[in-house]
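Residue-level structural notes
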Amino acid sequence: MYDCVVIGGGASGMMAAITAASNNINTCIVEHTDRIGTKILKTGNGKCNFTNMSMDSSMYQNDNKEFVMEIIDRFNVSETIAFFKRLGIYHKDKNGYVYPHSETAASLQNALRIEVERLGIDLLTGIECETIEKNVSEEGKLHYKLHFANNIHKVINTKCIIIATGSKASPKTGSDGSGYKIAKKLGMKIVKPLPALVQLVCDEKYAKVSSGVRSTGTVSVFCDGELIAKDYGEIQYTDYGISGIPVFQVSRFAVKAVDSGKKVQAVIDMLPDFSDEDVNYLLNTIFEKNRHKTVEQFFEGIINKKLVNMVCRNLKTDINQTLDNAGVKCIKRIVENMKCYKYNVTGFKDFEWGQICQGGIALDEVDVNLQSVRNPGIYLCGEVLDVDGKCGGYNLQWAWSSGYVAGVSVASRVKSARSWNGGYYEK
């Protein structure tokens, strides 16, 4: 019988297992794909932005941000950096975004895998846990039996379990929502999982005209006319809608509103650095000196011509006419639309595209040690819980911190039981 079985070999699962095993807890990882840490390889475009120097509650977007920060404070950014340094992973700080010095996700994944091997943690891959059975002996000793879908191992007995199965985002990496099924069978509540940090689908008629453009801007999301989220950065214009980091940052709010059947608009300021004074100067002084130019020529030193084309098509304005023919009122309308270009958000890309999920196992299903309030000896960590952070290493920091807390909590429970020669009792 194991002291602890960790279900899921992703970032939080490996951290939980390493922490438990480092405290002399006999530990096993069960992973339903053929390798551990696969999703790590996709983070930070393969460079693995594994934490961030700017860490506070505003970086998390779920309902109970304070709970998230309580967990993170127990294994903070400095401790995370020190942990990986001990594993040979030096870090590189880019404006607060922290990467491995090698700037390769594989180096961090491999360091964790090697540490799992060094600690003698049993690793069972290619098997999927289907159900968890609770067993209490006549003496009152509690343990659990894990049953598997493919019956490679009929049953595994363990005193404690850590569920670290991830969410439904990026299912090809093994994060396919299987943990939700296990949790439901254990009586846990699930907040509806939806994609987050994901592209938005819009009904823009001329989207193909601007497809492929990357341009700095501000994106504001309105739900039934009320501003619910806003961000700034490089926006990517696509043939289906909009993408890019600022879109990802606001997407969880847009996705939730669309899923609720509400009217959602994304309003883009394509010229965020143009003040009212700049616009007035453009429409007066610069306009008067460039009357001979076409509309396209007038704007080409200001903004990508594909965006000019899209705006003009929406306004039914000839991009090839001269400013003299167009008139200042026409140019003013174009600039106003560039400053407030409206997309009707009709949908979003699915879990395969989402970097993470919003939703998951409700946070009131766990206590301050991440132990299930319904199932003593079962702990949860990582993205399987209803926690979602912004882009920038915040979701991986949650994985490291929650994995550490779960591992330490298991160790404390097991050692307490050993010290009084008892079992694992129902409370």
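Structure shown above.
Report on the accompanying structure. From a predicted model like this one, the values you see are computed outputs, not experimental measurements.

The subject of this paragraph is the overall build of the protein. In terms of helices and strands, the protein carries 13 helices and 18 strands. Along the first, second and third principal axes, the C-alpha atoms of the protein reach 90 × 45 × 35 Å. Counting the 427 residues in the protein, one finds 55% classified as buried. Considering only contacts within the protein whose residues lie at least 6 apart along the sequence, 73% involve residues at least 24 apart. For the protein, the exposed surface amounts to about 18800 Å²; the carbon and sulfur share of it is 46%.

Y60, I132, I163 and W400 are the most contacted members of the largest nonpolar core, which totals 84 residues. The leading source of residues in this core is helix α13 (residues 394–419), at 10 residues. Sequence-distant contacts of W400, that is, excluding residues within four places in its chain, are made with A11, M15, I40, F50, F75, T80, F84, L108 and L112. Of all hydrophobic cores here, the second largest spans 50 residues; its members include L194, A254, V311 and I319.

This paragraph deals with the sheet that holds strand β3 (residues 51–52). Spatial strand order, β3-β5-β4: 3 strands in an open sheet with antiparallel pairing. Every other strand in the sheet has two partners, leaving β3 and β4 (91–94) as the edge strands with one partner each. Pairing between β4 and strand β5 (residues 97–100): 4 bridges, direction antiparallel. Bridge pairing links K94 to Y97 in β5.

Bringing the sheet that holds strand β15 (residues 264–269) into the picture now. Reading around the barrel, the 6 strands line up as β11-β14-β13-β12-β15-β16 and close back on themselves, with antiparallel pairing between neighbours. Shown here is a sheet whose adjacent strand axes are inclined to one another by a mean of 45 degrees, direction ignored. Here strand β11 (residues 200–202) runs beside strand β14 (residues 241–243); their pairing, made up of 2 bridges, is antiparallel. Within β14, the residue paired with L200 across the bridge is I242. Docked against the sheet, helix α7 (residues 245–259) engages β11, β12 (214–223), β13 (226–237), β14, β15 and β16 (341–348), running at close to 135 degrees with respect to β13. Lying on the sheet, helix α12 (residues 328–339) is in contact with β15 and β16; it crosses β15 at an angle near 120 degrees.

Time to look at the pairing of β12. Side-chain direction in a regular strand flips from residue to residue, so the side chains alternate between the two faces of the sheet. For β12, the tally of buried residues reaches 7 of 10 residues, placing the bulk of the element in the interior. Note: β12 against β13, 10 bridges, orientation antiparallel. Each residue of the ladder has a partner; that of S220, found in β13, is K230. Here β12 hands over to β13 after 2 residues, with D224 in that stretch at a positive phi of 50 degrees.

Moving on to the packing of aromatic side chains. Inspection of every chain in the model, using the stated rule, returns 8 aromatic pairs. Among the aromatic residues, those joined into a cluster by ring pairs are F50, F75, F83, F84, W400 and Y404. Directly above the ring of Y99 sits K94, whose terminal nitrogen or CZ lies 5.6 Å from the centroid. We note K349 situated over the ring of Y240; from NZ or CZ to the ring centre the distance is 4.2 Å.

As paired strands, β13 and β14 are joined by 2 bridges and run antiparallel to one another. Across the sheet, residue Q236 finds its bridge partner in β14, namely S243. Between β13 and the antiparallel strand that follows it, β14, lie 3 residues.

Along its 12 residues, helix α1 (residues 11–22) runs 16 Å from first to last C-alpha, staying within 8% of the 16 Å computed at 1.5 Å per residue. Counting buried positions over the 12 residues of α1 gives 11, a clear majority of the element. Looking only at α1, the buried set comprises A11, S12, G13, M14, M15, A16, A17, I18, T19, A20 and A21. At the C-terminal side of α1, N24 shows a positive phi close to 60 degrees.

With that settled, the discussion passes to the state of the cysteines. Put plainly, a disulfide is one covalent bond tying together the sulfur atoms of two cysteines. With the rule as written, the count across this model stands at 0 disulfides. Lacking any disulfide linkage, C129 is separated from the closest cysteine sulfur, that of C28, by 11 Å. With no disulfide of its own, C391 lies 14 Å from the sulfur of C48, the closest cysteine sulfur. A residue is classified by how much of its surface remains accessible, and C391, at 12% relative accessible area, is buried.

Our next topic: unusual backbone geometry. Phi at N24 takes a positive value of approximately 60 degrees, unusual for a residue other than glycine. A positive phi angle, near 55 degrees, is found at N45, a position not held by glycine. Relative to the assigned elements, N45 resides in the loop between β2 (27–31) and β3. Look at N45 and you get exposed, because its relative accessible area is 81%.

So, on to the pattern of salt bridges. Evaluated as defined, the whole model comprises 16 salt bridges. Salt-bridge contacts for E117 lead to R113; the nearest nitrogen and oxygen are separated by 2.8 Å. Separated by 4 residues within a single helix, E117 and R113 lie in helix α4 (residues 105–118), roughly one turn from each other. The exposure class of E117 is exposed, given its relative accessible area of 51%.

Parameters at a glance
Throughout this document, residue positions are counted from 1 along each chain, in the order its sequence is written. Given that the model is predicted, a residue must reach a pLDDT of at least 70 before its local features are reported, and side-chain atom pairs must reach 80 or more before they are shown or counted; all residues, however, enter totals for whole chains, interfaces and linings. Note: side-chain values were computed over all heavy atoms of the structure, leaving out hydrogens and water. Under the DSSP-based scheme used, a helix requires at least four consecutive residues in state H or I and a strand at least two consecutive residues in state E, with every element numbered from the N terminus. The classification of residues rests on relative accessible area computed with a 1.4 Å probe and restricted to protein chains. Under 20% of the type maximum is buried, over 50% is exposed, and intermediate values are partly exposed. Any two residues having at least one pair of non-hydrogen atoms within 4.5 Å are treated as being in contact. Method for areas: the Shrake-Rupley scheme with a 1.4 Å probe, in which residue coverage is limited to the protein chains shown. To form a nonpolar core, buried Ala, Val, Leu, Ile, Met, Phe, Trp, Tyr and Cys residues must be joined to one another through side-chain atoms within 4.5 Å. Only strands joined by at least two bridges in the DSSP assignment are considered to pair. Interaxial angle, 0 to 180 degrees, is taken between N-to-C directions of lines fitted to C-alpha atoms, where a helix line uses only the stretch in contact. A pair of aromatic rings is counted whenever rings of Phe, Tyr or Trp (Trp by its six-membered ring) have centres within 6.5 Å, and the orientation is called stacked for planes under 30 degrees apart, edge-to-face for over 60 and tilted otherwise. Only Lys NZ and Arg CZ are tested; either one counts as a charge over a ring when it is within 6 Å of the ring centre and within 35 degrees of the ring normal. Multiplying 1.5 Å by the helix residue count minus one yields the expected span of that helix. What counts as a disulfide here is a pair of cysteine sulfur atoms lying within 2.5 Å. Whenever a carboxyl oxygen of Asp or Glu lies within 4 Å of a side-chain nitrogen of Lys or Arg, that contact is scored as a salt bridge.

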